[in-house]
There are 6 protein chains.
Amino acid sequence: MNKSVFLEDLDAFTYREALASGEAIVLIPVGSLEQHGPHLPLGTDTILSSHFAEGVAKRLGALVAQPIAYGYKSQQKSGGGNHLPGTTSLDGAALIGVARNLVKSFLNQGVRHVVFINGHFENYQFLYEGIDLALEELGIGPGAEQSVLLLSYWDFVSQDTLARVYPDGFPGWEIEHGGVLETSLMLHLEPARVAMDRLVDGPAAVLPRFDRLPVVPERTPATGCLSSAAGSSADKGVLLYGQVTDHLALELAGELLGQPAVIPV
Amino acid sequence: MNKSVFLEDLDAFTYREALASGEAIVLIPVGSLEQHGPHLPLGTDTILSSHFAEGVAKRLGALVAQPIAYGYKSQQKSGGGNHLPGTTSLDGAALIGVARNLVKSFLNQGVRHVVFINGHFENYQFLYEGIDLALEELGIGPGAEQSVLLLSYWDFVSQDTLARVYPDGFPGWEIEHGGVLETSLMLHLEPARVAMDRLVDGPAAVLPRFDRLPVVPERTPATGCLSSAAGSSADKGVLLYGQVTDHLALELAGELLGQPAVIPV
Amino acid sequence: MNKSVFLEDLDAFTYREALASGEAIVLIPVGSLEQHGPHLPLGTDTILSSHFAEGVAKRLGALVAQPIAYGYKSQQKSGGGNHLPGTTSLDGAALIGVARNLVKSFLNQGVRHVVFINGHFENYQFLYEGIDLALEELGIGPGAEQSVLLLSYWDFVSQDTLARVYPDGFPGWEIEHGGVLETSLMLHLEPARVAMDRLVDGPAAVLPRFDRLPVVPERTPATGCLSSAAGSSADKGVLLYGQVTDHLALELAGELLGQPAVIPV
Amino acid sequence: MNKSVFLEDLDAFTYREALASGEAIVLIPVGSLEQHGPHLPLGTDTILSSHFAEGVAKRLGALVAQPIAYGYKSQQKSGGGNHLPGTTSLDGAALIGVARNLVKSFLNQGVRHVVFINGHFENYQFLYEGIDLALEELGIGPGAEQSVLLLSYWDFVSQDTLARVYPDGFPGWEIEHGGVLETSLMLHLEPARVAMDRLVDGPAAVLPRFDRLPVVPERTPATGCLSSAAGSSADKGVLLYGQVTDHLALELAGELLGQPAVIPV
Amino acid sequence: MNKSVFLEDLDAFTYREALASGEAIVLIPVGSLEQHGPHLPLGTDTILSSHFAEGVAKRLGALVAQPIAYGYKSQQKSGGGNHLPGTTSLDGAALIGVARNLVKSFLNQGVRHVVFINGHFENYQFLYEGIDLALEELGIGPGAEQSVLLLSYWDFVSQDTLARVYPDGFPGWEIEHGGVLETSLMLHLEPARVAMDRLVDGPAAVLPRFDRLPVVPERTPATGCLSSAAGSSADKGVLLYGQVTDHLALELAGELLGQPAVIPV
Amino acid sequence: MNKSVFLEDLDAFTYREALASGEAIVLIPVGSLEQHGPHLPLGTDTILSSHFAEGVAKRLGALVAQPIAYGYKSQQKSGGGNHLPGTTSLDGAALIGVARNLVKSFLNQGVRHVVFINGHFENYQFLYEGIDLALEELGIGPGAEQSVLLLSYWDFVSQDTLARVYPDGFPGWEIEHGGVLETSLMLHLEPARVAMDRLVDGPAAVLPRFDRLPVVPERTPATGCLSSAAGSSADKGVLLYGQVTDHLALELAGELLGQPAVIPV
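This section reports on the structure supplied with the text.

What counts, and at which threshold
- Residues numbered from 1 in each chain as written.
- Chains lettered and ligands numbered in written order.
- Predicted model: local features only at pLDDT ≥ 70, side-chain atom pairs only at ≥ 80, totals over all residues.
- Heavy atoms only, no water.
- Helix = DSSP H or I, 4+ residues; strand = E, 2+ residues; numbered from the N terminus.
- Expected span 1.5 Å × (residues − 1).
- Contact = heavy atoms within 4.5 Å.
- Buried area = accessible area lost by both parts, 1.4 Å probe.
- Salt bridge = Lys/Arg side-chain N within 4 Å of Asp/Glu carboxyl O.
- Polar contact = N/O pair within 3.5 Å; in protein donor to acceptor, adjacent residues only side chain to side chain.
- Phe/Tyr/Trp six-rings, centres within 6.5 Å; stacked < 30°, edge-to-face > 60°.
- Buried < 20%, exposed > 50% of the residue type's maximum accessible area, 1.4 Å probe, protein only.
- Pairing = 2+ DSSP bridges.
- Axes fitted to C-alpha atoms, helices over the stretch in contact; angles between N-to-C directions.
- Least-squares fit on C-alpha atoms with pLDDT ≥ 70 in both.
- Nonpolar A, V, L, I, M, F, W, Y, C, P; charged D, E, K, R; others polar.

### Describing helix α8 (residues 234-256) of chain C
At step 1: Compared with the 33 Å implied by 1.5 Å per residue over 23 residues, the 32 Å span of α8 of chain C between its first and last C-alpha is a close match.
At step 2: Backbone geometry just downstream of α8 of chain C places G258 of chain C in the positive-phi region, at approximately 70°.

See below:
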């Protein structure tokens, strides 16, 4: 039982030994339950952020908390829209509340650093707010020993990787929803949960530069994906997962463990 | 991919087929990340409620949503107290918010019935409030087609099972925290996650009939368990899991599918 | 004016003398405005918790604050349901807010111990949350001088009393709504407010082991009571009130005043 | 039991008969638990608003709900300040929440008109907000059958009464805290709860025209009263109570029952 | 750039010099976007409170923050009602939240005193609550160096001025909505924004002494003004603006700068 | 008075004529009060979004509401951090609340389309949430006549403009805080509020790809700007303002007025 990096697997006494060092790091994957087209499962974002957290945790000697498995409402520009069946979301207050509570709980227990590993575009600002409110309540300001980090894993994809994964040019992160990046990662990490035979090719969605509410449903492609997953492969998944995990682990080691980190961006 | 009962494994199009019947039932396991002594993992409540949900779903043809993996604050009388490391909790507003959002999302998608399967004592009233607020917002009142059910799995343990699991007398549900019921179930369902060699025997906790805050920490046994798990066995777990799953499935079938249900209590 | 145990009767200067000892105890009765069948008044829960608070206060030298006269929504399993006319309820946030504010106000004034005496089943967890939030805001943790206690009066009915009040067997606390316990207590304490001639006998309600929302109204008996009050008597009320007040006073004296308390359960 | 105007005394079936007319009016007294000097009890505001509600209810055939017995924070300019022991308050959100819930509960039960009778200066705007939010949620707009009224009883004191109660000139409502009006009313309505021998005479408080927070405590007179109660009498209380109850009853009858109301202001 | 009293015009480095003294005072005008009849612009309340803030700031060496340009819902008794087009309002929670955040931000930056200059009747209590919550969070109590003041500018109109502006008698502040005071001030301060040719004369509104919700729309005069602006003049505006600015500056100087202030009321 | 596009300048009757067409569009500028280095004023974001709103309004025949002048907390990665004096912020709940209230108010008045023109990076998601909550409350879903749009003005800068404004390469929107874009726009639109002699040149900030809280203050350059404004010019401001206003007006005309819009991206 004790070899797992997952908090849900640890007993309380083993966990307390980890806390006793004063250096415990807890990673919290954050995802969504959201439609990802006909070829990817609803849990894609949570599955991927959990895999990144696990990979990084093993490198850093960190622990992985249970994921926040429901995310903020899907926006049409980045997830097709919250009106699509399968997309099951929290509003801002609930997501802020969850993040705020988890930060307070972990820091009060003596965790040194909490790191949110985000895998759903729309979550970011609400997680930030939850973290900020928690630190204000705890009275933790600049110079404190404890800290909380927040990141989205795709921000750690290097230019080089991008060029190799998207040889015809990168369409942009916002419409990478059910596209080549997520599909390739899933093909590598969870092949049994991908149905490549159901994949529908087609042009990327062209959405206005504003958000409109209520949405105009027909602006989202019928697949629910904003860019095509054609061209996805497990090999690209290997590359993506390896490079991002490397960079994440190095950069977090540099930030949290004081190890020199020279990372090409 | 399509054979899974877990929503996170389904793609959106397969899920929409399930919704198209107008009869979809979604079960939501609810647990906690909470200390359960030296022999059980922190995720025990979530693990168990997920297993019950899976078992029931297979019987009813229902789906299982991702669990609510963090629960309301542990109270000393039922979970040892929220001050114990490993116990990582949501406050009332956050848990109400999560439940309210999930009910709204699922019912808006066309799910016919949502069922919360609770595995952490302290959650119950906050889940109830989240459900009630959601239905009020949706304008769903008596006589509506859609409904939401809320239950704790231990309320479906029969008197007969109880007598066989606790031959020396049942100590009460509130102090069944890390005790014979949870441990036996885990031995049956997740034996690799139980460390029986770390189990500490001892008398059940004797706590006052009031809640006191702040807690008097020494009132909680050093193990964090409120009653001893000595006497747990995988066989008892088989009995408990089978009987409760049976009764749950029958009673829900009677309520939601209109099937006659004759259940001994 | 000064002899009253009720805060609303005290002038501020007399109250400040009580605070000056550093040992002031304030009891807050909590009830509801809720239908209790044709024979009991809507204010039953508030009336009874106020009487228990008064009895205990006289024994402990404590003060009684104005009651929280509106409670959390009536649940069908314990109060017949919130849809019944006469049942006038607060949602979770409002009740949490009231409890939180009262705890903060009283502890900031210098009250040593605040004790909530609950008389409405559904209130409990929301009061707990209000107390916990208040103590967190005030920075009061384990080892502090000040404390808050929370209890429901029926948890102090002894097994012996139970056997005498329910010679045919006790039906369970949840369905003790408008039943023998409440009616007997009212017959003893407020006979003019009981109309025994309007009492309707009948079998106890048989409700499922889950909560269903929206409620199925016909599951609640037409009286709104979940068990029959037939067999109630002022004599049973004398017994109940005396025994519970005794045990409550002894147990609180032991907890708050450091007096040895040997109480048969 | 049935002759009482107080809801807490009514059984649910009698109450339902009142609702069946479609014309039921429920009055809700609102007060505070607040220091009122050495001669008046902490519950003064709640006691007085309850008496006015009772008097009006008897005239209108209306019912009186349990009072909201805790009010918004005492402001230095109108109540001496919230820092004074004995003053036990709700914050804005809690008071808004209570008012909002009560309006929703009563109107959903079929009450035609709800009337808040306020007796604590600082409550007013928060009650208004609670009412407005409730009506928005219920979808009740101009032209609806149901309505909610909000008033403070002192706004119904006539110029003539004022001249007779304050022969030396009226000091203003804001500093009428523990002064001649409240004391005279209490001498008439609850003489046993007034201690005229403890009354301290002195000049009225002179407070700036702004609110300052945190308060400068010494700006509040040592008595906690903002104007002297010297000159109070039961006779003035008879006059005040009679005139205000008359005008209130007439004006409400005109508004809610369609009766012609000719009231001198 | 540096000579402006308006914070929005200052660069951060110049502002930090002002903070460095430890004596910085920031004035926050508060208004509304609200119908003010056919002759005054929707922004009247914000425009006027901003002018008063500017005038006072120049006298005190204070700074003026950007106004809170949207206010609490217009009440029929003081603003004609929130149903009138052009009236664009915040609910209580939003206004409390804005005030609370601004107080926290400014005091955390090192501002010594924050002063809210209110120009919309209905805002007052919500601003008060925002201030009080902020100070509680910051732990600022009696005796602290920092403070927050709250005032409505019309409370500083002297009796003498009132007699000169309303030679036929003052109708009361509540119905001074689009009337002589506001119109005269606008004629003096922003003549291009007043259309005297559109002014509609007529008797003052006669409204009940209670608030009724939902409103009875026809009780508000067709103009949306509660009293006539006939008799307004720029000369009266000069008098009002000069006298109020004088008294405000003197009284604030006395309170915040320790200067003797002898002000006729 | 009537020629102004600013709502604060309009009287209510003129505004109602605009509403009567059923086609009224209201633009709401959103900014911040935030440090922008030594050369730009604290109000920069609000000033710029107001100018864009004004320019677009004149082209579309729309109206401009008073700006939301305080924004969400400055994040270190996009605004230097919320700890810097001059930065005066709202938390998420307050900003969500303001946006939600404004949408409800304007749509209830009969405005056809509301458009938020954002000028502060961190605001976006909270505005989105406020809009979404408002539409849910109003029951406005896909296919409705009314809509709300949300955009940040920099998303309308064309590739061509970017190449001309940043001849050495564009550093990215996140660190465009007090840099060439904002400074050039201010030099064109509000030259008197810019102090080019105080501008400090230097390399762009290099910040990690994660957010860290609490911030490490020394990661923000001493100026508070994240990229240098060297190279700013009024000419670039003319180009930026003209091109963005053009594209915004065309794209909004296409979306809201049904006019064909062919816009190069």
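### Brief notes about unusual backbone geometry
At step 1: Across the junction of L213 of chain A and P214 of chain A, the peptide omega takes the value -5°, indicating a cis bond.
At step 2: Its place among the elements puts P214 of chain A in the loop between β5 (211-213) and α8 (234-256).

### Things to note about the interface of chain D and chain E
At step 1: Taken together, the 48 residues of chain D in the interface contact 48 residues of chain E.
At step 2: Summing both partners gives a buried area of about 4000 Å² for chain D against chain E, and 52% of it is carried by carbon and sulfur.
At step 3: Area buried by chain D at its contact with chain E is led by Y128, R209 and L213 of chain D, which between them contribute 22% of it.
At step 4: Summed over the shared surface of chain D and chain E, the result is 10 salt bridges.
At step 5: Two residues, K73 of chain E and D132 of chain D, come together in a salt bridge whose shortest N-O distance is 2.8 Å.
At step 6: Seen at the junction of chain D and chain E, the total is 24 residue pairs in polar contact (both at pLDDT 80 or more).

### What about the packing of aromatic side chains?
Both the distance between ring centres and the angle between the ring planes are used here to describe each pair of aromatic rings.
At step 1: Within the structure shown, the criterion is met by 51 aromatic pairs over all chains.
At step 2: Taking 5.1 Å as the distance between ring centres and 35° as the angle between the ring planes, the aromatic pair formed by F52 of chain B and Y241 of chain B counts as tilted. With F52 of chain B in helix α2 (residues 44-60) and Y241 of chain B in helix α8 (residues 234-256), the pair connects residues that are 189 residues apart, well separated along the chain. Of the two residues, F52 of chain B and Y241 of chain B, neither departs from the other in class, the shared state being buried.
At step 3: Summarising the aromatic geometry, the rings of Y153 of chain D and W154 of chain D are spaced 5.2 Å apart at their centres and angled 70° between planes, so their arrangement reads as edge-to-face.
At step 4: By relative accessible area, Y153 of chain D is classed as buried at 1%.

### Overview of the sheet that holds strand β4 (residues 147-152) of chain D
At step 1: Read across the open sheet, the 5 strands follow the order β2(D)-β1(D)-β3(D)-β4(D)-β5(E); overall the sheet is mixed. Across the chains shown, the open sheet's two edge strands, defined by having one partner strand only, are β2 (63-64) of chain D together with β5 (211-213) of chain E.
At step 2: Of the pairings in the sheet, the one linking strand β3 (residues 113-118) of chain D to β4 of chain D comprises 6 bridges and is parallel in character. Residue I117 of chain D lies in a different strand from β4 of chain D, and its bridge partner there is L151 of chain D.
At step 3: Along the sheet, helix α5 (residues 124-138) of chain D contacts β1 (25-30), β3 and β4 of chain D together with β5 of chain E; its crossing angle with β4 of chain D, the most-contacted strand, is approximately 180°.

### Remarks on the arrangement of the chains
At step 1: Contact between chain A and chain D is absent, and the minimum C-alpha spacing across the pair is 16 Å.
At step 2: These two, chain C and chain F, are apart from each other, with no contact and a minimum C-alpha gap of 16 Å.

### Remarks on the pairing of strand β1 (residues 25-30) of chain B
Residues and elements named next belong to chain B.
At step 1: Where burial is concerned, most of β1 is hidden: 6 out of the 6 residues are buried.
At step 2: Alternating residues of β1 divide into I25, L27 and P29 and V26, I28 and V30, and every residue in both groups is buried.
At step 3: Relative to strand β3 (residues 113-118), β1 is paired through 6 bridges, and the arrangement is parallel. Directly across from V30, in β3, lies its bridge partner N118.

### With respect to the relation of the copies chain D and chain E
At step 1: For the pair chain D and chain E, the superposition axis carries a translation of 0.0 Å, the fit reaches an RMSD of 0.0 Å, and the rotation angle comes to 180°. When the rotation and shift are considered jointly, the pair of chain copies conforms to a two-fold rotation axis. Among all residues of chain D, the minimum C-alpha distance to the rotation axis is found for Q125 of chain D, at 3.3 Å.
At step 2: Here 100% of the interface residues in chain D have copies in chain E that are interface residues too; the copies meet face to matching face.

### Considering the interface of chain B and chain A
At step 1: With 54 residues of chain B at the contact, the number on the chain A side is 54 residues.
At step 2: Surface buried jointly by chain B and chain A totals about 4000 Å² across both partners, of which 55% is contributed by carbon and sulfur atoms.
At step 3: Taken together, the connections running from chain B to chain A amount to 8 salt bridges.
At step 4: With a shortest N-O distance of 2.7 Å, R193 of chain A and D9 of chain B are connected by a salt bridge.
At step 5: The interface formed by chain B and chain A holds 24 residue pairs in polar contact (both at pLDDT 80 or more) in total.
At step 6: Looking at the side of chain B that touches chain A, the elements that each hand over two or more residues are α1 (12-20), α2 and α4 (92-109) of chain B.
At step 7: Counting residues per element, the side of chain B that touches chain A draws most heavily on α4 of chain B, at 9 residues.
At step 8: Each residue belonging to the side of chain B that touches chain A can be placed in one class, and the counts come to 28 nonpolar, 18 polar and 8 charged.

From the geometry alone we can't say anything about function, so treat these as descriptive.
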